[in-house]
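Working through the structure, step by step
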Amino acid sequence: ISIIGVKFEERYSEMTNQLKVQRERERLLGLQKKLQALKGMSVVVTKILGRRPSDPRNLTIADREMIQQKAVSVFHEVDLDNSGEIDIQELGAAMKKLGMDLDSDVLAVMMQVIDTDGSNSIDATEFTEFVFNFSTGEIWDQSENIVIGQRTEFTQ
């Protein structure tokens, strides 16, 4: 019986280690998709604004209005069916037009970050908030309940 017990323990330990390795692979794959999504979001914001403000902590109201106008303009370009919302297919088409052919998992991560109300589509307000927040270095990751970056105050 002791040999059976030892063999069982060895096999159980091996299976536990395999499970740990599999979970770590899945975690790393998820992180890779998030990084690809962040790169995609960076491309979108750079295309809209050109570059991030030099001092995002001290945006003026005029800076904020300029960001909003550009974001709304791009939103309407991406909203191909003029529904007032961007779905995952429209987001994918826009990213492809920008030279990034992203798989559906990466697009889903982008949607999760930008779609703050969980409607599975992005409205103009969500898109504008995303562009503003990304341009100032603050991105909310709902899946992890964390803020990437820091809050930004704007001044007149």
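All of the points below concern the structure found in this document.

What counts and how
- Residues numbered from 1 in each chain as written.
- Predicted model: local features only at pLDDT ≥ 70, side-chain atom pairs only at ≥ 80, totals over all residues.
- Heavy atoms only, no water.
- Helix = DSSP H or I, 4+ residues; strand = E, 2+ residues; numbered from the N terminus.
- Buried < 20%, exposed > 50% of the residue type's maximum accessible area, 1.4 Å probe, protein only.
- Areas by Shrake-Rupley, 256 points an atom, 1.4 Å probe, with all protein chains shown as cover.
- Salt bridge = Lys/Arg side-chain N within 4 Å of Asp/Glu carboxyl O.
- Phe/Tyr/Trp six-rings, centres within 6.5 Å; stacked < 30°, edge-to-face > 60°.
- Lys NZ or Arg CZ within 6 Å of the ring centre and 35° of its normal.
- Contact = heavy atoms within 4.5 Å.
- Core = buried A, V, L, I, M, F, W, Y, C linked by side-chain atoms within 4.5 Å.
- Expected span 1.5 Å × (residues − 1).
- Polar contact = N/O pair within 3.5 Å; in protein donor to acceptor, adjacent residues only side chain to side chain.

1. Quick look at the overall build of the protein
In terms of helices and strands, the protein carries five helices and six strands. When the helices and strands of the protein are listed from N to C terminus, the series reads α-β-α-β-α-α-β-α-β-β-β. A burial count over the protein gives 30% of its 156 residues as buried. When the accessible surface of the protein is totalled, it reaches about 10,300 Å², and 53% of it is carbon and sulfur.

2. Points about the pattern of salt bridges
A full pass over the atoms with the stated rule returns four salt bridges. Of the charged contacts, one joins E10 and K7 as a salt bridge, the two residues approaching to 4.0 Å between their closest N and O atoms. One end of the pair is E10 and the other is K7, both in helix α1 (residues 2–49) and three residues apart, which spans about a single turn. According to the relative accessible area criterion, K7 is exposed, its value standing at 52%. A salt bridge links K33 to D105, with the shortest nitrogen-to-oxygen separation between them at 2.5 Å. Of the two residues, K33 is situated in helix α1 and D105 in helix α4 (residues 104–114); the sequence distance between them amounts to 72 residues. The class for D105 is partly exposed, based on a relative accessible area of 39%.

3. Overview of the packing of aromatic side chains
One pass over the full model with this rule turns up three aromatic pairs. Considering the side-chain rings of F8 and Y12, the 6.2 Å spacing of their centres and the 20° angle between planes classify their relative orientation as stacked. Of this pair, F8 and Y12 both sit in helix α1, separated by four residues, roughly a single helical turn. Residues F8 and Y12 agree in their burial class; the two are exposed. Judged by centre distance (6.1 Å) and plane angle (50°), the ring pair of F127 and F130 falls under tilted. Pair noted here: F127 and F130 are both in helix α5 (residues 124–135), with a separation of three residues, about one helical turn. Like F127, the residue F130 is buried in the burial classification. Ring pairing ties together the aromatic residues F75, F127 and F130, which thus form one cluster. Over the ring of F132 we find R64, and its NZ or CZ is 4.2 Å from the ring centre.

4. Regarding the environment of I48
For I48, the location among the structural elements is in helix α1. Taking C-alpha positions, I48 is 8.3 Å from V131, a pair spaced 83 residues apart along the chain. Not counting the four nearest positions on each side in its chain, I48 is found in contact with K70, A71, V74, F127 and V131.

5. Quick word on the nonpolar core
Among the nonpolar cores identified, the biggest contains 30 residues, and M41, M95, M110, F127, F130 and V131 are the most heavily contacted of them. Breaking this core down by element, the ones donating at least two residues are α1, α2 (61–78), α3 (88–97), α4 and α5. Those residues in contact with F127 that lie beyond four places of it in its chain are V44, I48, A71, V74, F75, I86, I114 and I122.

6. Description of α5
Every α-helix carries 3.6 residues per turn, so stepping three or four residues along brings you back to the same face. In a regular helix each residue adds 1.5 Å, so 12 residues correspond to 16 Å; α5 covers 16 Å between its end C-alpha atoms and thus fits that length. Taken as a whole, α5 has its buried residues at E126, F127, T128, F130, V131, F132, F134 and S135. N-capping of α5 is provided by D123, with a side-chain oxygen placed 3.1 Å from the backbone N of T125.

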